[in-house]
Structures are given as C-alpha cells and as structure tokens.
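Geometric and topological summary
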Amino acid sequence: MALPLPAISPETAAFWTGGAHGALQIMACNACDHRIHPPQLICPQCLSRDVAPIAASGQGTIYSYTINHQPWIPDLKVPYALVIVDLDDQPGVRMTAMLETNDLGEIAIGAPVTVDFEHRGDVYVPFFRLG
Ligand SMILES: [Zn+2]
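Summarised in this report is the structure supplied together with it. None of the values given here were measured: they were computed from a predicted structure.

Conventions used here
Starting from 1, residues in each chain are numbered consecutively following that chain's sequence as written. Only residues with pLDDT of 70 or above have their local features reported here, since the model is predicted, and side-chain atom pairs are shown and tallied only from 80 upward, although totals for entire chains, interfaces and linings are computed over all residues. Between any two strands, pairing holds if DSSP finds at least two bridges. Counting from the N terminus, the helices are DSSP H or I runs at least four residues long and the strands are E runs at least two residues long. Exposure classes come from backbone-placed C-beta atoms, where a residue is buried if 20 or more other C-beta atoms lie within 10 Å of its own, exposed if 12 or fewer do, and partly exposed in between.

Further remarks concern the pairing of strand β7 (residues 112–120). Judged from the three bridges that link them, strand β4 (residues 59–68) and β7 form a sheet pairing that is antiparallel. Its bridge partner lying in β7, Gln59 is registered against Thr114. The pairing of β7 with strand β8 (residues 123–130) spans eight bridges and is classified as antiparallel. Bridged to Val115 within β8 is Phe128.

A cis amide bond links His37 to the next residue, Pro38, at an omega of 0°. Structurally, Pro38 is set in the loop between β2 (35–36) and β3 (51–56). In the segment running from Val78 into Pro79, the intervening peptide bond is cis, with an omega of -5°. Looking at where Pro79 falls in the secondary structure, it is placed in the loop between β4 and β5 (80–87). With a phi angle near 70°, Asp33 is a residue other than glycine that sits in the positive phi range. Its location among the elements puts Asp33 in the loop between β1 (24–29) and β2. Taking the number of C-beta atoms within 10 Å as the measure of exposure, Asp33 has 11 and is therefore exposed. A positive phi angle, close to 65°, is found at Leu47, a residue other than glycine. Tracing the backbone shows Leu47 in the loop between β2 and β3.

In structure tokens, the structure reads:
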C-alpha cells in the first residue's frame, strides 16, 4: 500500500498496535459506554476521562466507498479502494480504511468485511477484506 505511517500517540497507541494480537482496538468510555473513534482520551459525549480500548470483532459492513486512481504520493499503487465501515459490534462507530481485493468491481455498499492488519515498522495498519 505504501502510504505514510501514522505517528503513535497516547490516545492512538492501542489502535495502531492492536494488530500485533489480531485485535482491532476501539476506545470506549467506562462512564457512559460511548464508543470513541478516532480514539481520544476524553469521552466527547460525557467528558469522562475514564476511557480505555476494547477489542472489536473486526466484522463490519461497507457504509460507503471510493476507488482512487490518482497516485497522490510516489510509489502509491493505484487503483485502490477506501471504505467507510460500520463496525458490527461497535454501535455508532464508522471507520475509514483501505480495502484489499483483487476485484474492485466486487465492492458494494452493504457488503460484509473483515479487518486484517499490515505490519509496517511499529504499527499494524488496519485494512479490510471482503467477507
Ligand atoms: Zn462517556
């Protein structure tokens, strides 16, 4: 994929490294059970600082997608698909990531997807596969 790697911060560390254990880590508020994504250390719903990452199933449904044909940076392989996924067991969480497939024509709104991880440097970049 060759996209630049993210910087790891205290709020994003679990998200970017959870793939080491095969887990998609989503921040959750212990005070009100709100799911927080992108990850933050303060709940935007109740302002509690009692937040911690939890493991999501990694199963989801495509809410929307786009196929990119423009190589915005050197060595970026095109075309590629970006998807916005509703995570099945994390109500209200929509996650944007790349989708890996050999047939971009198979991508459809409503299609089920499963998370996987690409290990690069210190991070495990989540992406999705169909199915
Ligand atoms: Zn909260």
